[in-house]
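Residue-level structure breakdown
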Amino acid sequence: MSKNTKTNAARILDQKKIEYEIIPYIVDENDLSTKHIASQLGEEICRVFKTLVLKGDRTDYFVCVVPGNAEVDLKKVAKITGNKKCDLIPMKELFPLTGYIRGGCSPIGMKKAFPTYIHKTAIEFDHIYISAGVRGQQFKLKPTDLVQLVQARVDDLTTTMMS
């Protein structure tokens, strides 16, 4: 993808007149972790959020946006989303369901709008990073803008934070 090709997520942000920056980083196909992305960006990992797609036993699919240094707590998230249990979707379902690939999944601009939950620490920051919809690009944006855009619920979605 050339540097001036906008992702669907970027076009949505433009259309909604939401301020953002696209921050490029070098992709390592063997390390798609948020830790790698944070080091590439020179940022704290707690500001680099990953987008996870889950399926509940009662509510079907939903999205969780959590800090890169945390793991989603499936029991906690099941309760928050009105499920008895939930789990991450199989990787092979990610692209057909969302239009995004692993390492490039953005909570903005999925094929369908899914209920979205953003970890409560996001709103403590003036800006956070999320995938721009392709590997190698992150959005830097205000978390409040993201919450409003995707109509997210802000809650505690994770187990204890890791450093």
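Coordinates for the structure precede this section.
Bear in mind the structure is a predicted one, so any value in this text is a computation, not a measurement.

In a beta sheet, neighbouring strands are held together by backbone hydrogen bonds and run either parallel or antiparallel to one another. Strand order in the open sheet made by the 5 strands is E4-E2-E3-E5-E8, with mixed pairing throughout. Each edge of the open sheet carries a strand with a single partner, namely strand E4 (86–88) and strand E8 (153–155). Within this sheet the neighbouring strands show an average axis-to-axis angle of 30°, counted without direction. Pairing geometry for strand E2 (residues 49–56) and E4, over 3 bridges, is antiparallel. Paired with Gly56 across the two strands is Cys86, which belongs to E4. In the packing of helix H3 (residues 74–81) onto the sheet, the strands contacted are E2, strand E3 (60–67), E4, strand E5 (116–119) and E8, and the crossing angle to E4 comes to about 120°.

Below, the discussion takes up the pairing of E5. Alternating residues of E5 divide into Thr116 and Ile118 and Tyr117 and His119, and every residue in both groups is buried. Of the strand pairs in this sheet, E5 and E8 are connected by 3 bridges, and their pairing is parallel. By the bridge assignment for E8, Ile118 is matched with Val154.

Next up on the list: the packing of aromatic side chains. Evaluated as defined, the whole model comprises 3 aromatic pairs. Note on Tyr20 and Phe139: the rings are 5.2 Å apart at their centroids and 75° apart in plane angle, and the pair reads as edge-to-face. Pair noted here: Tyr20 is in strand E1 (residues 20–24) and Phe139 is in strand E7 (residues 137–141), with a separation of 119 residues, a long-range link. For the pair formed by Tyr20 and Phe139, the shared burial category is buried. Plain terms: the ring middles of Tyr61 and Phe114 are 6.0 Å apart, the flat faces sit at 65° to each other, and that makes the pair edge-to-face. With a gap of 53 residues between them, Tyr61 in strand E3 and Phe114 in the loop between helix H4 (91–98) and E5 connect regions that are remote in the sequence. Like Tyr61, the residue Phe114 is buried in the burial classification. In this structure, Lys111 is placed above the aromatic ring of Phe95, and the distance from its NZ or CZ to the ring centre is 5.6 Å.

Basis of the calculations
- Residues numbered from 1 in each chain as written.
- Predicted model: local features only at pLDDT ≥ 70, side-chain atom pairs only at ≥ 80, totals over all residues.
- Heavy atoms only, no water.
- Pairing = 2+ DSSP bridges.
- Helix = DSSP H or I, 4+ residues; strand = E, 2+ residues; numbered from the N terminus.
- Axes fitted to C-alpha atoms, helices over the stretch in contact; angles between N-to-C directions.
- Contact = heavy atoms within 4.5 Å.
- Buried < 20%, exposed > 50% of the residue type's maximum accessible area, 1.4 Å probe, protein only.
- Phe/Tyr/Trp six-rings, centres within 6.5 Å; stacked < 30°, edge-to-face > 60°.
- Lys NZ or Arg CZ within 6 Å of the ring centre and 35° of its normal.

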